[in-house]
Amino acid sequence: MAGLKLEIAQELPFSSVEEEALLNVMRTADCLHRVFHLKTRNWGVTSTQYNVLRILRGAQPHGLTCSAIGDRMITAEPDTTRLLSRLKTLKFVRQQRDRHDRRVVWTQITETGLQLLKEMDPLIQQLPIDLLGHLDRAELAKLIHLLELARSRADDTQVPVSCSGERCIEERSETDEKHK
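Residues numbered from 1 in each chain as written. Predicted model: local features only at pLDDT ≥ 70, side-chain atom pairs only at ≥ 80, totals over all residues. Heavy atoms only, no water.

Q: Mind showing me how you'd approach the pairing of strand β3 (residues 105-109) here?
A: Each regular strand carries side chains that alternate between the two faces of the sheet. Summarising the sheet, strand β1 (residues 64-65) and β3 pair through 2 bridges and their orientation is antiparallel. Across the sheet, T65 pairs through a bridge with W106, a residue of β3. Taken together, the 5 bridges between strand β2 (residues 93-97) and β3 define a ladder with antiparallel strand orientation. Across the sheet, the residue bridging to R97 is V105, located in β3. (Pairing = 2+ DSSP bridges. Helix = DSSP H or I, 4+ residues; strand = E, 2+ residues; numbered from the N terminus.)

Q: When you look at the pattern of salt bridges in this model, what are you seeing that I'm missing?
A: Pairing between side chains of opposite charge can happen when their charged atoms approach one another. The tally for this structure, following the rule as stated, stands at 5 salt bridges. Put simply, D79 and R82 hold a salt bridge, and the shortest N to O gap is 3.2 Å. Exposure remark for D79: the relative accessible area of 21% places this residue in the partly exposed category. The partner of R103 in a salt bridge is D101, and the shortest N-O contact between them spans 3.0 Å. (Salt bridge = Lys/Arg side-chain N within 4 Å of Asp/Glu carboxyl O. Buried < 20%, exposed > 50% of the residue type's maximum accessible area, 1.4 Å probe, protein only.)

Q: Just checking my understanding: could you explain the confidence of the model for the protein chain for this structure?
A: Segments scoring low in pLDDT should not have their predicted coordinates read at a detailed level. Counting all residues, the mean pLDDT for the protein chain is 85, and 85% of those residues have values of 70 or more. Confidence drops under pLDDT 50 across residues 164-180; counting only partners more than four residues distant or on other chains, this segment forms 16 contacts. (pLDDT = per-residue confidence, 0-100. Contact = heavy atoms within 4.5 Å.)

Q: Just checking my understanding: could you explain a nonpolar patch on the surface for this structure?
A: Side chains of V25, L143 and L147 sit close together on the surface and give an oily, nonpolar patch of about 210 Å² of accessible area. Relative to the helices and strands, L143 resides in helix α7 (residues 137-151). (Patch = residues over 30% accessible without salt bridge, like charges linked within 9 Å, V, L, I, M, F, W, Y side chains within 5 Å. Areas by Shrake-Rupley, 256 points an atom, 1.4 Å probe, with all protein chains shown as cover.)

Q: For this particular structure, what's the right way to read the side chain of Q108?
A: Along the chain, the position of Q108 falls in strand β3. Looking at Q108, the relative accessible area reads 8%, which means it is buried. There is a polar contact of 3.1 Å between the side chain of Q108 and the backbone oxygen of H62. (Polar contact = N/O pair within 3.5 Å; in protein donor to acceptor, adjacent residues only side chain to side chain.)

Spelled out as structure tokens, the structure:
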């Protein structure tokens, strides 16, 4: 198995073992994401659009607001409004304004979106096994633990982005205070 230095044709040594580890995590995440993205493209959606549909399927029948969708995303999306607009154009989601607060828009998955996910499910559920099935359960548990441990030092592991594209730091700290 080739090391990262060989893969990226780096001649100089890494500045630290931490740098090598970080770059390995980033390289691995990118490789796995590209494979996932290529699979979802067969259905005419991006991996990010698939993630939104999966989130909305889990939030049936009520749906979610734009910011709630952003909070649940695997990767941060800078323009959730545009992403939802594309899904609406494809007829995978529908949107309606809140009856009590017209500024709030609720998004629900449509029957067309549910049917797409139903078609995708077998391949998408097999993909993690294809990509990580060569690791045994103990290795997978250790990998999960180490990745969670590594994320614990990140300052904003899931700072959401608002529907206007701005970071929701003030909103998040107010919400966190309410839940304490």
